[in-house]
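Observations on chain architecture
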Number of protein chains: 2
Amino acid sequence: MPRPPRISRPAVLDEALRTLDEEGIEALSMRRLAQRLGVTSPSLYKYVRDREGVFEAVVDAIVQEINEGWSPTGSWRAELDGMARRYFRTFRRHPHAVPLVMHRPTRNQRSLDSFDTVLNVLTAAGWPVRNAARAVLLTESYALGATLTAVSPGVPLTSEDLASRPTLAAALIGEHSTFRLTEEDFEHGLKLVLDGIARELAPERSPLEH
Amino acid sequence: MPRPPRISRPAVLDEALRTLDEEGIEALSMRRLAQRLGVTSPSLYKYVRDREGVFEAVVDAIVQEINEGWSPTGSWRAELDGMARRYFRTFRRHPHAVPLVMHRPTRNQRSLDSFDTVLNVLTAAGWPVRNAARAVLLTESYALGATLTAVSPGVPLTSEDLASRPTLAAALIGEHSTFRLTEEDFEHGLKLVLDGIARELAPERSPLEH
DNA sequence: ACCTGAACACCGTTCAAGT
DNA sequence: ACCTGAACACCGTTCAAGT
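Residues numbered from 1 in each chain as written. Chains lettered and ligands numbered in written order. Predicted model: local features only at pLDDT ≥ 70, side-chain atom pairs only at ≥ 80, totals over all residues. Heavy atoms only, no water.

Labelled according to an unreviewed UniProt entry, chain A appears under the name TetR/AcrR family transcriptional regulator C-terminal domain-containing protein, originating from Streptomyces oryzae.

Here is the structure:
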């Protein structure tokens, strides 16, 4: 007498992302995940290959969220700017996903599509393809690093920590008590990087654009 | 009849870093580490608090290696440039340490010292302390992100992957088959970031420097 | 077809016991 | 003082068994 399945692959993966967000990567175990779904751990293997398969699927969901609602505009600067902001926004929402993506980097089928799309915008705007690739990789590097520096749980600095480091202490006056990138820092850095890319990697602009 | 100890804290931590480099973070378990030291796992607890304590010590060793042989020069540009290059070089040597440092960031006593030192060089050169802090954080962000993008084990791209992404394929002509930052890209990006910092964050230079 | 219980080989950590 | 064996509560994964 066949009964309807109690769980499904989407249900498993949704719960996996929720578990990651709520309890962190340590809690994202097969047994804990099964428990949250009201089932025993072996039954998960009907829907995912193994624990690594769960991780891959979660990374894929993150990449999907990064690209959510995005459609290319045709302007190289808007494209790179948007890419960096989407990275930052998404990892702010899922800070526990940062270490996950780090040694299982965002290089899956879905992310290849988005790279191709961005590269397309740049080459269509007249960029040599090598320059376009470098611009994308530089922007991604900055976005990832800034996200990391902003999101990672910095150790709070005690007053003893600061007592022997006067310049560091001065830098933190009126700031949060951890030495950490803010959203304003991120914005400023992004402008700085894109200005640099415009200067060093963009093709010569036509007179009309001046 | 007291015998000499078979192991020591330095021996444990050395072996921990070696294990990380050779077998990856998964293999850095208390039991495996003990086995490599020719001892059983409970005896490790005489030398480290717990597994997290091992991780902290390894991160500290990495931070130490980042700063190895460094003495400040007095030039802000040399300082930031050197900092970024040391990050890059060190994580190239210890790629498995990347995810470790990522959610247990390089923010310990030793790293606070180096931040204070770099900030000192900048403020001594006349930088407002807020500008100095932002410059350091931006350089760190870029260095971390670039290191990550260069070091992370990118999935090799099959010819089918490339068939439907023509621009991505073109970007990889004559390159390695993964979409990944090279050392040349890193150098170029670093120049670009430091030029931006010079333009946007450095104090007005005195006429003599022109 | 889907789920469970039992089993196996792991893991971190504690603690009493050995020398 | 230092190390071990046994134990406990976990973990991923397989497989035969239940419905």
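So that's the structure; there's more coming.
Moving on, we get to the protein's contact with DNA strand D. Taken together, 17 residues lie near DNA strand D, and Met30(A), Arg31(A), Arg6(B), Thr40(B) and Tyr47(B) sit nearest. In DNA strand D, atoms within 4 Å of the protein come from the sugar-phosphate backbone in 53% of cases. A distance of 3.4 Å separates a phosphate oxygen of DNA strand D from a polar backbone atom of Ile7(B). Within the contact set of DNA strand D, a phosphate oxygen lies 2.8 Å away from a side-chain nitrogen or oxygen of Tyr47(B). Class assignment for the residues of the surface near DNA strand D results in 8 nonpolar, 4 polar and 5 charged. (Near = heavy atom within 4 Å. Polar contact = N/O pair within 3.5 Å; in protein donor to acceptor, adjacent residues only side chain to side chain. Nonpolar A, V, L, I, M, F, W, Y, C, P; charged D, E, K, R; others polar.)

Right, let's get into the protein's contact with DNA strand C. Close contacts around DNA strand C come from 17 residues, with Arg6(A), Tyr47(A), Met30(B), Arg31(B) and Arg51(B) the closest. Among atoms of DNA strand C positioned within 4 Å of the protein, sugar and phosphate together represent 54%. At a separation of 2.7 Å, a phosphate oxygen of DNA strand C approaches a polar backbone atom of Met30(B).

Each packed pair of helices is defined by two parameters, the angle between the axes and the distance between the axes. Residues and elements named next belong to chain B. Taken N-terminus to C-terminus, the directions of helix H4 (residues 76–93) and helix H10 (residues 183–200) make an angle of 150 degrees; their axes are 11 Å apart at the nearest point. As far as their axial angle goes, H10 and H4 are roughly antiparallel. The interaxial crossing formed by H4 with H10 has right-handed handedness. For the pair formed by H4 and H10, the contact residues are Trp 76, Arg 77, Leu 80, Asp 81, Ala 84, Arg 85, Phe 88 and Arg 92 on the first element and Glu 183, Phe 186, Glu 187, Leu 190, Lys 191, Leu 194, Asp 195, Ile 197 and Ala 198 on the second. Of the residues assigned to the contact of H4 with H10, the class counts are 9 nonpolar, no polar and 8 charged. (Axes fitted to C-alpha atoms, helices over the stretch in contact; angles between N-to-C directions. Helix = DSSP H or I, 4+ residues; strand = E, 2+ residues; numbered from the N terminus. Parallel < 35°, antiparallel > 145°, perpendicular 65-115°, else oblique. Left-handed = near helix turned anticlockwise from the far one by under 90°. Contact = heavy atoms within 4.5 Å.)

Before going further, it helps to spend a moment on the interface of chain A and chain B. Contact with chain A, which involves 59 residues of that partner, is made by 59 residues of chain B. Of the roughly 5300 Å² buried between chain A and chain B on both sides combined, carbon and sulfur atoms contribute 63%. Taken together, the connections running from chain A to chain B amount to 22 residue pairs in polar contact (both at pLDDT 80 or more). Every element with two or more residues in the side of chain A that touches chain B is listed here: helix H5 (97–102), helix H6 (109–124), helix H7 (129–151), helix H9 (166–171) and helix H10 (183–200) of chain A. Here the side of chain A that touches chain B takes 15 residues from H7(A), the largest share from any one element. (Buried area = accessible area lost by both parts, 1.4 Å probe.)

Here we take up the UniProt feature "domain: HTH tetR-type" (unreviewed entry) in chain A. Look at the UniProt record and you will see "domain: HTH tetR-type" (unreviewed entry) annotated at residues 6–66 of chain A. Between the end C-alpha atoms of residues 6–66 of chain A there is a gap of 30 Å, over a span that is 62% helix and 0% strand. (UniProt positions renumbered as here; feature names shortened; annotations may be inferred.)

Quick look at the side chain of His94(B) now. All names here are of chain B. Structurally, the position occupied by His 94 is in the loop between H4 and helix H5 (97–102). Residue classification places His 94 among the buried residues on the basis of a relative accessible area of 7%. The contacts of His 94, once residues within four sequence positions are left out, are Leu 17, Asp 21, Ile 62 and Glu 65. (Buried < 20%, exposed > 50% of the residue type's maximum accessible area, 1.4 Å probe, protein only.)

Superposing chain A onto chain B takes a rotation of 180 degrees plus a shift of 0.0 Å along the axis, which leaves an RMSD of 0.0 Å. What we have between these two chains is a two-fold relation. Proximity to the rotation axis, assessed at the C-alpha, singles out Gly145(A) in chain A; its C-alpha lies 1.9 Å from the axis. The share of interface residues of chain A whose copies in chain B are also at the interface is 100%, consistent with both copies meeting through the same surface. (Least-squares fit on C-alpha atoms with pLDDT ≥ 70 in both.)

Here we take up H7(A). Relative to the 33 Å expected for 23 residues at 1.5 Å per residue, H7(A) spans 32 Å between its end C-alpha atoms, a close match to the ideal helical length. Taken across its 23 residues, H7(A) has 20 buried, putting it largely inside the fold. (Expected span 1.5 Å × (residues − 1).)

Our next topic: the packing of aromatic side chains. Residues and elements named next belong to chain A. In the structure shown here, the tally under the stated rule is 10 aromatic pairs over all chains. Taken together, Phe 88, Tyr 142 and Phe 186 form an aromatic cluster joined through their ring pairs. Directly above the ring of Trp 70 sits Arg 86, whose terminal nitrogen or CZ lies 4.4 Å from the centroid. (Phe/Tyr/Trp six-rings, centres within 6.5 Å; stacked < 30°, edge-to-face > 60°. Lys NZ or Arg CZ within 6 Å of the ring centre and 35° of its normal.)

Let us now look at the UniProt feature "DNA-binding region" (unreviewed entry) in chain A. Residues given the UniProt feature "DNA-binding region" (unreviewed entry) here are residues 29–48 of chain A. In residues 29–48 of chain A, helix accounts for 35% and strand for 0%; the two terminal C-alpha atoms are 13 Å from one another.

Below, the discussion takes up the nonpolar core. Counting 140 residues, the largest nonpolar core has Ile197(A) and Ile197(B) as the members making the most contacts within it. In this structure Ile197(B) touches Leu192(A), Trp76(B), Leu80(B), Trp127(B), Ala135(B), Thr139(B) and Ala202(B), once residues within four positions along its chain are discounted. (Core = buried A, V, L, I, M, F, W, Y, C linked by side-chain atoms within 4.5 Å.)

Time to look at the side chain of Thr149(B). Mapped onto the secondary structure, Thr149(B) falls in helix H7 (residues 129–151). A distance of 3.2 Å separates a polar atom in the side chain of Thr149(B) from a polar atom in the side chain of Ser141(A). A polar atom in the side chain of Thr149(B) sits 2.6 Å from the backbone oxygen of Gly145(B). Sequence-distant contacts of Thr149(B), defined by excluding residues within four places in its chain, comprise Arg107(A), Leu137(A), Glu140(A), Ser141(A), Leu144(A), Arg180(B) and Leu181(B).

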